[in-house]
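A structural walkthrough
As a plain string of letters, each chain reads:
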Amino acid sequence: MPQTPPDRARAAVPPTYLDANRLWVDSRPRALAQRRFEAPVLLRLGGRLSGGRALELGSGRRGTGLRLALDLFGAARVDGVELHQASVAASRAAVRDLGDRVAVQAGDATALTAAEGTYDAVFGYHVLHHAEAWRDVVREAARVLRPGGRLFSCEMTARIVDSRPLRAVSRHPSDGDRPTPAGLAAACSAAGLTVIGQETRFAGCWTALAATKR
């Protein structure tokens, strides 16, 4: 009987009884954590931008990451890509005051429509562990970066995403292949990115990474 190759094996994951993802993803506490903790870590790891164009993957409803790309990281313009149309509309409304410095479109982070070398930076706040094929997201981010452009990513890792308590109340892809700190760094390298800084906290449950395109 054929066996699954080791590199394709998937860990069994606990069931989800109540999906409360949306209560956290677009909440005020989540936005506060992003602004006060996560973005400053990414800034320290990867540095500011000197103007240029940035992309945020999975921009959500509040537009927090879009504002941070402009105000904290120094981008001149930022585009947002969001899978859910209702979130696109909400995000556009949330950043209307920023005018033409920001544009939000519906799209799939695993198959971006932007041309190769479009962006000076790509940001992803907890988008990879929601993707069915998160390595494809990393590859697409690398593809749309110009040479020398930077990927900024922070993630909840497999250690917490696939844990029984979180799985019980939060639905994620069930293949058991969520990012790990080492796995994320390896995916960046495979996509043609060089990791310039990575920091892992909370007993391996959270990791932040900055990488540049070779």
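Computed from a predicted structure; not experimentally measured.

Another aspect to go through is the sheet that holds strand S6 (residues 193-201). Spatially, S3-S2-S1-S4-S5-S7-S6 is the arrangement adopted by the seven strands of the open sheet, whose pairing is mixed. On the outer flanks of this sheet lie strand S3 (102-106) and S6, each paired with one strand and no other. Taking the axes of each pair of neighbouring strands and ignoring which way they run, one obtains an average angle of 15° across the sheet.

Taking 1.5 Å as the rise per residue, helix H2 (residues 28-46) with 19 residues should run 27 Å; its terminal C-alpha atoms sit 26 Å apart, in good agreement. Maximum bend of H2: about 40°, positioned at Gln34. The N-cap of H2, judged by a side-chain oxygen 3.2 Å from the amide nitrogen of Arg30 a few residues on, is Ser27. Once H2 ends, the next one or two residues include Gly47, with phi positive near 85°.

Once that is clear, we can look at the pattern of salt bridges. Scanning the model with the defined rule gives 12 salt bridges in all. In this structure, Asp97 and Arg67 form a salt bridge, with 2.5 Å as the shortest nitrogen-oxygen distance. Separated by 30 residues along the polypeptide, Asp97 in the loop between helix H4 (85-94) and S3 and Arg67 in helix H3 (residues 64-71) bring together distant segments of the chain. Classification of Asp97 by relative accessible area gives exposed; the value is 57%. Here Glu140 and Arg143 are joined by a salt bridge, their closest N and O atoms 2.8 Å apart. With a gap of three residues between them, Glu140 and Arg143 both fall in helix H5 (residues 134-144), about one helical turn apart. For Arg143, a relative accessible area of 25% translates into the label partly exposed. Within the structure, one salt-bridge network assembled from shared partners comprises Arg44, Glu199 and Arg201.

Right, let's talk about the side chain of Asp79 for a bit. By secondary structure assignment, the location of Asp79 is in strand S2 (residues 77-82). Ignoring anything within four residues of it in the chain, the contact list for Asp79 reads Arg53, Ala54, Leu55, Glu56, Leu66, Ala103 and Tyr119.

The next point concerns the state of the cysteines. Counted by the stated rule, this structure contains zero disulfides. Cysteine Cys188 remains unbridged, with the sulfur of Cys154 as its closest cysteine sulfur at 13 Å. Taking relative accessible area as the criterion, Cys188 reaches 0% and is therefore assigned buried. Looking at Cys205, it has no disulfide partner, and the nearest cysteine sulfur is the one in Cys154, 14 Å off. We classify Cys205 as buried; its relative accessible area is 18%.

Within the secondary structure, Leu128 is located in the loop between strand S4 (119-125) and H5. Separated by 27 residues in sequence, Leu128 and Glu155 have C-alpha atoms that sit 7.0 Å apart. Setting aside residues up to four positions removed in sequence, Leu128 forms contacts with Trp134, Val137, Val138, Ser153, Glu155, Arg178, Pro179 and Leu184.

With respect to the helices and strands, Asp162 occurs in the loop between helix H6 (158-161) and helix H7 (164-169). Separated by 78 residues in the primary sequence, Asp162 and His84 have C-alpha atoms spaced 24 Å apart. In this view, Asp162 contacts Val13, Pro14, Arg167, Gly176 and Arg178; residues no more than four positions away in its chain are not counted.

What follows is about the packing of aromatic side chains. Using the criterion set out here, one finds six aromatic pairs in the structure. Residues Phe37 and Trp206 carry aromatic rings whose centres are separated by 4.8 Å and whose planes lie at 40° to one another, so their mutual orientation is tilted. Here Phe37 is found in helix H2, whereas its partner Trp206 is found in strand S7 (residues 206-213), with 169 residues between them in sequence. Given a relative accessible area of 24%, Phe37 falls into the partly exposed group. Here Trp206 falls in the buried class, since its relative accessible area comes to 4%. One aromatic cluster is present, formed by Phe37, Phe202 and Trp206 through successive ring pairs.

Thresholds, definitions, all that
Residues numbered from 1 in each chain as written. Predicted model: local features only at pLDDT ≥ 70, side-chain atom pairs only at ≥ 80, totals over all residues. Heavy atoms only, no water. Pairing = 2+ DSSP bridges. Helix = DSSP H or I, 4+ residues; strand = E, 2+ residues; numbered from the N terminus. Axes fitted to C-alpha atoms, helices over the stretch in contact; angles between N-to-C directions. Expected span 1.5 Å × (residues − 1). Bend = angle between axes of the 7 residues up to and from the residue. Polar contact = N/O pair within 3.5 Å; in protein donor to acceptor, adjacent residues only side chain to side chain. Salt bridge = Lys/Arg side-chain N within 4 Å of Asp/Glu carboxyl O. Buried < 20%, exposed > 50% of the residue type's maximum accessible area, 1.4 Å probe, protein only. Contact = heavy atoms within 4.5 Å. Disulfide = S-S within 2.5 Å. Phe/Tyr/Trp six-rings, centres within 6.5 Å; stacked < 30°, edge-to-face > 60°.

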